[in-house]
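# An overview of the molecular structure
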Amino acid sequence: MMLGIAAAVLFFISFLINAAEISTNHVFSSGNFMILGLMLLALHVAGVGSAWTTRGRRR
């Protein structure tokens, strides 16, 4: 779930940079934030970082 939230935050930052037409260097461009957001979203959909632990008593 955390990777999905992080992807949404990166997409929002990318939108703000693009909408406000903020001039940034090449490292902090809106395209780079978009690619990082897509990478985190892909990891979230693939199930990376999900906690599938079984807590409780075994019978």
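The structure we're discussing is the one just above.
The α-helix advances 3.6 residues per turn, and as a result positions three or four apart in sequence lie on the same side. Its 17 residues give helix 2 (residues 30-46) an end-to-end C-alpha distance of 24 Å, which sits within 8% of 24 Å, the value for a rise of 1.5 Å per residue. All of the buried residues in helix 2 are Phe33, Gly37 and Leu40. Viewed end-on, helix 2 has its buried residues packed into an arc of 65°, placing them on one side of the element. Facing away from the buried surface of helix 2 by more than 90 degrees, the exposed residues are Ile35, Val45 and Ala46. Looking at the packing, one finds that the buried side of helix 2 touches helix 1 (2-19). Looking one or two residues beyond helix 2, the residue adopting positive phi is glycine 47, at roughly 95°.

Right, let's talk about the packing of helix 1 against helix 2 for a bit. Relative to each other, helix 1 and helix 2 sit at 165°, their axes nearing to 8 Å. One way to sum up the angle between helix 1 and helix 2 is to call them roughly antiparallel. The interaxial crossing formed by helix 1 with helix 2 has left-handed handedness. Note on element contacts: helix 2 touches helix 1 through Ser30, Phe33, Met34, Leu36, Gly37, Leu38, Leu40, Leu41, Leu43 and His44, opposite Leu3, Gly4, Ala6, Ala7, Leu10, Phe11, Ile13, Ser14, Ile17 and Asn18. The class makeup of the residues in the contact of helix 1 with helix 2 is 14 nonpolar, six polar and no charged.

Basis of the calculations
- Residues numbered from 1 in each chain as written.
- Predicted model: local features only at pLDDT ≥ 70, side-chain atom pairs only at ≥ 80, totals over all residues.
- Heavy atoms only, no water.
- Helix = DSSP H or I, 4+ residues; strand = E, 2+ residues; numbered from the N terminus.
- Expected span 1.5 Å × (residues − 1).
- Buried < 20%, exposed > 50% of the residue type's maximum accessible area, 1.4 Å probe, protein only.
- Arc of directions from axis to C-beta.
- Contact = heavy atoms within 4.5 Å.
- Axes fitted to C-alpha atoms, helices over the stretch in contact; angles between N-to-C directions.
- Parallel < 35°, antiparallel > 145°, perpendicular 65-115°, else oblique.
- Left-handed = near helix turned anticlockwise from the far one by under 90°.
- Nonpolar A, V, L, I, M, F, W, Y, C, P; charged D, E, K, R; others polar.

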